[in-house]
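# Structure at a glance
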Amino acid sequence: NAELLSREIGDNQWLANIQYENERMGMLVGQLLDLARTENVTPQMERIDLSRLVSGEALPFESVAYEKGLVLSSNVSDGIVLEGNSAQLKQLTSILLDNAIRHGEAGEVRLILTKEHGVVEMSVLNNGEEIPTDQREQIFERFYRVDPARNGEDKHYGLGLAIAKAIVNAHHGHIE
């Protein structure tokens, strides 16, 4: 309706604000639905080449990192295969890379995927400001922001890492 009204009366700051807030709320509702679905629905598991999945998901983030003045380097071991849900594992990879790039400072963001003694480990590291020790567990809680001044203006609402934790839990893993 706001778009139709905008066509009718032309540019208007109030309509632009309504459209902007509508988009923000749509994204928030989408993220909440993702979280609820991840926490409450048992995902369909299948045999997945995780090495290939993670490498493919990282490709688009190379340009995102470059635009922020960072380099995304990947060290993904070949042939890591596991039982998992590909859609959720892609989402997990995206969430971790997006967070690392958004909060990264000069230098690089490193993506590492290894398997040792039957344990798969994915690490995403950046040179960003260190998260205070007393807040490290809280960052995986819904709506938690290390910096309370961030209030969703960047279209991030403190749900990404909560979704990541739910995905890891659904795959019987551990996140820190």
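### Digging into the overall build of the protein chain
Of the regular secondary structure elements, the protein chain holds 5 helices and 5 strands. Order of helices (α) and strands (β) in the protein chain, N terminus to C terminus: α-α-β-α-β-β-α-β-β-α. The burial tally for the protein chain puts 32% of its 176 residues in the buried class. Long-range pairs, those at least 24 residues apart, make up 68% of the contacts in the protein chain between residues at least 6 apart in sequence. Put simply, the protein chain shows about 11300 Å² of open surface, and 50% of that area lies on carbon and sulfur atoms.

### Description of the side chain of Ser-51
Mapped onto the elements of the fold, Ser-51 is located in helix 3 (residues 50-67). Other than its neighbours up to four places away in sequence, Ser-51 contacts Val-76, Ser-77, Asp-78, Gly-79, Ile-80 and Leu-113.

### A look at the pairing of strand 5 (residues 119-125)
Looking along a regular strand, one sees the side chains alternate between the two faces of the sheet. Summarising the sheet, strand 4 (residues 107-116) and strand 5 pair through 7 bridges and their orientation is antiparallel. Pairing of Leu-111 across the sheet is with Val-124, part of strand 5. The hairpin turn running from strand 4 into strand 5, its antiparallel successor, is 2 residues long, and His-117 in that turn takes a positive phi close to 55°.

### Thoughts on the nonpolar core
Judged by nonpolar contacts, the single largest core of 30 residues is most densely connected at Leu-50, Val-54, Leu-72, Leu-92 and Leu-111. Not counting residues up to four positions away in its chain, the partners in contact with Leu-92 are Met-122, Ala-164, Ile-167 and Val-168.

### Looking at the confidence of the model for the protein chain
Low-pLDDT stretches of the model should not have their predicted coordinates read in fine detail. Mean pLDDT over the protein chain stands at 84; residues scoring 70 or higher make up 88%. Across the protein chain, element-level confidence peaks in strand 1 (residues 46-49) with a mean pLDDT of 96 and bottoms out in helix 2 (residues 13-40) with 75.

### Here we look at helix 4 (residues 86-102)
Here helix 4 spans 24 Å end to end across 17 residues, near enough to the 24 Å set by a 1.5 Å rise per residue. Turning to helix 4, its buried residues number three or more, namely Gln-88, Leu-89, Leu-92, Thr-93, Ser-94, Ile-95, Leu-96, Leu-97, Asn-99, Ala-100 and Ile-101. Where helix 4 begins, the side chain of Asn-85 points an oxygen toward the backbone nitrogen of Ala-87, at a separation of 3.2 Å.

### Focus: the pattern of salt bridges
The final tally for this structure, using the stated rule, is 2 salt bridges. Linking Arg-102 and Asp-98 is a salt bridge whose minimum nitrogen-to-oxygen distance equals 3.1 Å. Separated by 4 residues within a single helix, Arg-102 and Asp-98 lie in helix 4, roughly one turn from each other. Judged by its relative accessible area of 25%, Arg-102 falls in the partly exposed class.

### Some remarks on the packing of helix 3 against helix 4
The N-to-C vectors of helix 3 and helix 4 enclose an angle of 35°; their axes lie 9 Å apart at closest approach. In this structure, helix 3 crosses over helix 4, and the sense of that crossing is right-handed. Contact residues: Leu-50, Leu-53, Val-54, Glu-57, Ala-58, Phe-61, Val-64 and Ala-65 in helix 3; Ser-86, Leu-89, Lys-90, Thr-93, Ser-94, Leu-97, Asp-98 and Ile-101 in helix 4. For the contact of helix 3 with helix 4, the per-class residue count stands at 10 nonpolar, 3 polar and 3 charged.

### Points about a negative patch on the surface
Side chains of Glu-116, Glu-121, Glu-137 and Glu-176 sit close together on the surface and give a patch of like negative charge. Mapped onto the fold, Glu-176 is located in the segment after helix 5 (160-170).

Thresholds applied
- Residues numbered from 1 in each chain as written.
- Predicted model: local features only at pLDDT ≥ 70, side-chain atom pairs only at ≥ 80, totals over all residues.
- Heavy atoms only, no water.
- Helix = DSSP H or I, 4+ residues; strand = E, 2+ residues; numbered from the N terminus.
- Buried < 20%, exposed > 50% of the residue type's maximum accessible area, 1.4 Å probe, protein only.
- Contact = heavy atoms within 4.5 Å.
- Areas by Shrake-Rupley, 256 points an atom, 1.4 Å probe, with all protein chains shown as cover.
- Pairing = 2+ DSSP bridges.
- Core = buried A, V, L, I, M, F, W, Y, C linked by side-chain atoms within 4.5 Å.
- pLDDT = per-residue confidence, 0-100.
- Expected span 1.5 Å × (residues − 1).
- Polar contact = N/O pair within 3.5 Å; in protein donor to acceptor, adjacent residues only side chain to side chain.
- Salt bridge = Lys/Arg side-chain N within 4 Å of Asp/Glu carboxyl O.
- Axes fitted to C-alpha atoms, helices over the stretch in contact; angles between N-to-C directions.
- Left-handed = near helix turned anticlockwise from the far one by under 90°.
- Nonpolar A, V, L, I, M, F, W, Y, C, P; charged D, E, K, R; others polar.
- Patch = residues over 30% accessible without salt bridge, like charges linked within 9 Å, V, L, I, M, F, W, Y side chains within 5 Å.
- Lys, Arg positive; Asp, Glu negative; His and termini not counted.
- Charge placed at Lys NZ, Arg CZ, Asp CG, Glu CD.

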